[in-house]
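What the coordinates show
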Amino acid sequence: MFAKILIANRGEIAVRILRTCQELGIPAVVAFSEPDRDSLAVRLSDEAICIGPAEARRSYLNQPALISAALITGCDAVHPGYGFLSEDASFAEACAVHDLVFIGPRAQVIERFASKYAVRRMLAATGLPTVPGSTGIVADLADALAQAEAAGYPVLLKPSAGGGGRGMRLVRSPREMETQLPLARSEARAAFGDDSLYFERWIEDNRHVEVQVLVDSYGNGIHLGERDCSVQRRHQKIVEEAPSPAMDEPARERLRDLAIRSVVAAGYENAGTLEFLLDREGNFYFIEINCRIQVEHPITEALTGIDLVAEQLRIASGERLTLTQEQVQLRGHAFEFRITAEDAHDNFSPQTGVVSELSWPEGPGIRVDTHLFAGYEIPPYYDSLLAKLIVWGEDRGEALARARAALADCRIEGVKTNLPFHRAIVDNAAFVDAEVSTNLLDRVGPAAFVGEPA
Amino acid sequence: MSTDETAEAMAKAVTALVPALTERLSRHGLAEIEVRQGDLRVRVVAPGPTGGSAAAGGSVEVTVTTSDVGVTPVEGTTATLDPVRSPAVGHFVYADGLGPGLSVSAGTEIGFVEMLGIRHEVRAAADGVVRHLVAESGEPVEYGQLLVEIDRTPAG
């Protein structure tokens, strides 16, 4: 195991990683930017080091500063958390060059799993279903029509050189293909200087389901079940739960089994998450893999009793998995509510301020991961996540009932949050009946859930 | 504050602060250290080549002043103390010949912080006189760490 770990992150995840280090008796150093000097992670740490100013590019994304900080404090490993440099192959490589262990997959593994398109092809080859679409770039209109007929309408035309949703066009019929294809081409040429296009079937009312895996460096892998993250706003997850209420047990088993087999076959290592779209008919399609610990990992911990950060540390330090798949028991049901500094009554606009009063719910099945304390000033520079409320129950009904009570007991004064949204969604019929698809919030608007401010 | 009260306050400050400051001075290998308590200023200077008394037994030089009764006029009480901070995370090294009392101008090299083999220069921001060497040469420093304090030369 490691002698000392540099925590190269901030907020709740820095506190979360620090807790596991302290439990395992591994000294940890918290790297922080200037405005985070008084943060909870720094306060709880035995050692902390300032790596740069507020701007993430000069602090939490500053590779030389982080590596230098690790070296001068005598660390032999770096935990990147999530976001920032957590999936950056060049940072993993730079760590290795300085004899620091990057806690995550090795650089060459991250690199191999970096390109979404290449990973889809790689994992399709090891048995994962992917969204039906064109085989590579479409040649011409005749080719597009023939291939779309085979894949099934509607399809989403995408510029091959594009990204971030730019230049995508929804095509619902052969007639639309005839008009949209030339438009999409000229758009792509104008935007990216490359007019090659491909398409995927558009799965309209999808749910987002993901499988947590752990794979050691010797090719042993286990899954820890799936999570359902269908409550989203603009592709940002807001509420997650496990197991997925939209699948029955045989379907869940099939998904988990396929996921772990294919990812082991493809040579993945450390903790990872395979994301899938689930359609109304129960078909699932692989979309991408996340090579890091995820924000929503605590619901998996609630079901399995396994500390995922501790497992990341063990795998990165070269230990073999000691758990077998049979030993992983998924018990009960869990929800995670992401509490953010966003005004639920004002289109989720980001908020800053000083937390003047703070109290959290307590009781069986309740966990709060947060970096807040009374008097904490929320800096404007970073993401808006303030806390994660994780609620566990023997079944979905019990977990939901506990969640209602727990959300009512959350008290954060001094800054506006999205708590009103969470309190509303746990009473929303679509959510209670597990009928929420990923586009629901964007379609009806969050106001439909929270109503007008009192 | 009357003269009697001032004397009493100074005596108290010396009793309370000097042992602690002296201990800290030697522990961190500092050249000098100064604290303020209300109107009082207590300044402890270590013996040695960089300043302070040459008194036998390595004793320290202690200066206690108040703002209303100038027992010992401390140089530059009206000047602004200009902190020079580390621009990087790494090991700090002083420029040759740098020490308290040295006059510097804006841009004078104070030293450098070496981060992964790359030197990040540390320079004075304004004209003035080097007052305190806070960091030690070769010491690992964090971003923003106080390295040196400079008494800024009053304009005009």
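Residues numbered from 1 in each chain as written. Chains lettered and ligands numbered in written order. Predicted model: local features only at pLDDT ≥ 70, side-chain atom pairs only at ≥ 80, totals over all residues.

**Some thoughts on the overall build of chain B**
What counts is decided by this rule: Numbering of helices and strands runs from the N terminus, with a helix taken as a DSSP run of H or I at least four residues long and a strand as a DSSP run of E at least two residues long. Here a residue counts as buried when 20 or more other C-beta atoms sit within 10 Å of its C-beta, as exposed when there are 12 or fewer, and as partly exposed otherwise, the C-beta atoms being derived from the backbone.
Helix and strand counts for chain B stand at one helix and 11 strands. With 156 residues in all, chain B has 25% of them scored as buried.

**Description of the overall build of chain A**
Let me state the cut-off plainly: A radius of gyration in this sense is built from C-alpha atoms; the matching globule rule multiplies 2.2 Å by the number of residues raised to 0.38. Think of it this way: build a C-beta for each residue from its backbone, and any pair within 7 Å is a contact.
Of the regular secondary structure elements, chain A holds 16 helices and 22 strands. The C-alpha atoms of chain A give 22 Å as radius of gyration, which agrees with the globular expectation for 454 residues (22 Å, within 12%). With the C-alpha coordinates aligned to their principal axes, the bounding extent of chain A is approximately 65 × 55 × 50 Å. Across chain A, contacts joining residues at least 24 apart in sequence account for 65% of those joining residues at least 6 apart.

**Quick word on the packing of helix α7 (residues 141-151) of chain A against helix α8 (residues 174-192) of chain A**
Packed helix pairs are characterised by how far apart their axes lie and by the angle those axes make with each other. All names here are of chain A. Using the following cut-off: Every axis corresponds to a line fitted to the C-alpha atoms, with the helix fit spanning only the stretch in contact, and the corresponding angles, defined between N-to-C directions, vary from 0 to 180 degrees. The sense of a crossing depends on the near helix, which, turned anticlockwise from the far helix by less than a right angle, makes the crossing left-handed and, turned clockwise, makes it right-handed. When residues are grouped by polarity, Ala, Val, Leu, Ile, Met, Phe, Trp, Tyr, Cys and Pro land in nonpolar, Asp, Glu, Lys and Arg in charged, and all others, Gly among them, in polar.
Where α7 contacts α8, the two axes come as close as 10 Å, and the packing angle between them is 145°. Pair α7 / α8 crosses with right-handed handedness. In this structure, α7 contributes Leu-141, Ala-144, Leu-145 and Ala-148 to the contact, and α8 contributes Pro-174, Met-177, Glu-178 and Leu-181. The class makeup of the residues in the contact of α7 with α8 is seven nonpolar, no polar and one charged.

**Observations regarding the pairing of strand β2 (residues 28-33) of chain A**
Consecutive residues of a regular strand have side chains that alternate between opposite faces of the sheet. Residue and element names in this part refer to chain A. In plain terms, the rule: Pairing between strands is defined by DSSP: at least two bridges between them are needed. Every crossover in which the path from the first strand over the helix to the second runs clockwise, viewed with the strands pointing away from the viewer, is termed right-handed.
With six of six residues buried, β2 lies mostly within the body of the structure. Of the two faces of β2, the one holding Ala-28, Val-30 and Phe-32 and the one holding Val-29, Ala-31 and Ser-33 are both buried throughout. Alignment of strand β1 (residues 5-7) against β2, held across three bridges, turns out to be parallel. Bridge pairing in β2 places Ile-5 opposite Ala-28. Note that the unit made of β1, helix α1 (residues 11-24) and β2 has a crossover that is right-handed. Pairing of β2 with strand β3 (residues 47-52) involves five bridges; the strand directions are parallel. In the strand pairing of β3, Val-30 is matched with Ala-48.

**Topic: the nonpolar core**
Inclusion rule: Buried Ala, Val, Leu, Ile, Met, Phe, Trp, Tyr and Cys residues whose C-beta atoms connect them within 7 Å together make up a nonpolar core.
Ranked by internal contacts, the top residues of the largest apolar core, which has 102 residues, are Leu-6, Ile-7, Val-30, Ala-31, Ile-51, Leu-66 and Val-78 of chain A. Each residue touching Leu-66 of chain A, except ones within four places of it in the same chain, is listed here: Leu-6, Ala-8, Ala-31, Ile-51 and Val-78 of chain A.

**Points about the environment of Val-432 of chain A**
Relative to the assigned elements, Val-432 of chain A resides in helix α14 (residues 429-432). Here the alpha-carbon distance between Val-432 of chain A and Arg-331 of chain A, two residues 101 residues apart in the chain, equals 20 Å.

**Here's the deal with the interface of chain A and chain B**
Counting residues at the interface gives 11 residues for chain A and 10 residues for chain B. Elements with a minimum of two residues in the side of chain A that touches chain B: β3 and α3 (63-72) of chain A. Examining the composition of the side of chain A that touches chain B, we find that six residues originate from one element, α3 of chain A, more than from any other. Across the side of chain A that touches chain B, the residue classes tally to eight nonpolar, two polar and one charged.

**As for the sheet that holds strand β21 (residues 385-393) of chain A**
All names here are of chain A. In space, the eight strands of this open sheet follow the order β13-β12-β9-β10-β11-β14-β21-β19, with antiparallel pairing throughout. With one partner strand each, in any of the chains shown, β13 (284-290) and β19 (366-370) form the two edges of the open sheet. Adjacent strand axes in the sheet meet at a mean angle of 25° when their direction is disregarded. Strand direction decides the pairing type here: β19 and β21, joined by five bridges, are antiparallel. For Ile-366, the partnering residue across the bridge sits in β21 and is Val-391. With respect to the sheet, helix α9 (residues 249-265) is in contact with β9 (207-215), β10 (221-233), β12 (270-278) and β13, its orientation differing from that of β10 by roughly 115°. In the packing of helix α11 (residues 308-316) onto the sheet, the strands contacted are β9 and β12, and the crossing angle to β12 comes to about 125°.

**Structural notes on α11 of chain A**
Residue and element names in this part refer to chain A. The element α11 is largely enclosed, with a buried count of seven among its nine residues. Listing the buried residues of α11 in full gives Leu-308, Val-309, Glu-311, Gln-312, Leu-313, Ile-315 and Ala-316. Turning to α11, the residues buried within the fold contact α1, β4 (77-79), β5 (101-102), β9, β12 and α10 (297-304). A positive backbone phi angle near 95° is found at Gly-318, which sits one or two residues after α11.

**Remarks on the pairing of strand β7 (residues 109-115) of chain B**
All names here are of chain B. Extensive coverage of β7 is indicated by the burial of five of its seven residues. Relative to β7, strand β5 (residues 90-94) runs antiparallel, the two sharing four bridges. Counterpart to Phe-92 in the pairing with β7 is Val-113. Relative to strand β8 (residues 118-123), β7 runs antiparallel, the two being bridged by six bridges. Opposite Glu-114, over in β8, you have Arg-119 as the bridge partner. Between β7 and β8, which pair antiparallel one after the other, the connecting turn spans two residues, and Leu-116 there sits at a positive phi close to 50°.

**Some points on the sheet that holds strand β8 (residues 197-201) of chain A**
Across a sheet, strands are paired by hydrogen bonds formed along the backbone, either parallel or antiparallel in direction. Residues and elements named next belong to chain A. Read from one edge to the other, the open sheet built from three strands follows the order β7-β6-β8, with strand pairing classed as antiparallel. Pairing within the sheet leaves two strands with one partner each, and these edge strands are β7 (169-171) and β8. Across the sheet, the mean angle separating the axes of adjacent strands is 30° when strand polarity is ignored. Two elements, strand β6 (residues 155-159) and β7, share three bridges in a ladder whose sense is antiparallel. Along β7, the bridge assignment pairs Leu-157 with Arg-169.

**What about unusual backbone geometry?**
Residues and elements named next belong to chain A. The amide bond that connects Tyr-153 to the next residue, Pro-154, takes the cis arrangement and shows omega of -5°. Checked against the element boundaries, Pro-154 lands in the loop between α7 and β6. Of note, the amide linkage connecting Ala-242 to Pro-243 takes the cis form, showing an omega dihedral of -5°. Here the phi dihedral of Asp-99 falls at roughly 60°; this positive angle occurs in a residue that is not glycine. Within the fold, Asp-99 resides in the loop between α4 (89-97) and β5.

**Things to note about the packing of α1 of chain A against α11 of chain A**
Residues and elements named next belong to chain A. Put simply, the test is: For classification purposes, an angle smaller than 35 degrees is called roughly parallel, one larger than 145 roughly antiparallel, one from 65 to 115 roughly perpendicular, and anything else oblique.
Running from N to C, α1 and α11 cross one another at 65°; their axes reach a closest spacing of 9 Å. As far as their axial angle goes, α11 and α1 are roughly perpendicular. Between α1 and α11 lies a crossing whose hand is right-handed. On the side of α1, the interface is formed by Arg-16, Ile-17, Thr-20 and Leu-24, while α11 contributes Val-309, Ala-310 and Leu-313. Residues belonging to the contact of α1 with α11 are distributed by class as follows: five nonpolar, one polar and one charged.

**As for the confidence of the model for chain B**
All names here are of chain B. Put simply, the test is: Every residue is assigned a pLDDT by the predictor, reflecting its confidence on a scale from 0 to 100.
On average, residues of chain B carry a pLDDT of 72, and 48% of them reach 70 or more. The model gives residues 65-77 a pLDDT under 50, and that stretch makes 19 contacts with residues more than four places away or in other chains. Across the assembled chains, the prediction reports ipTM 0.87 with pTM 0.83.

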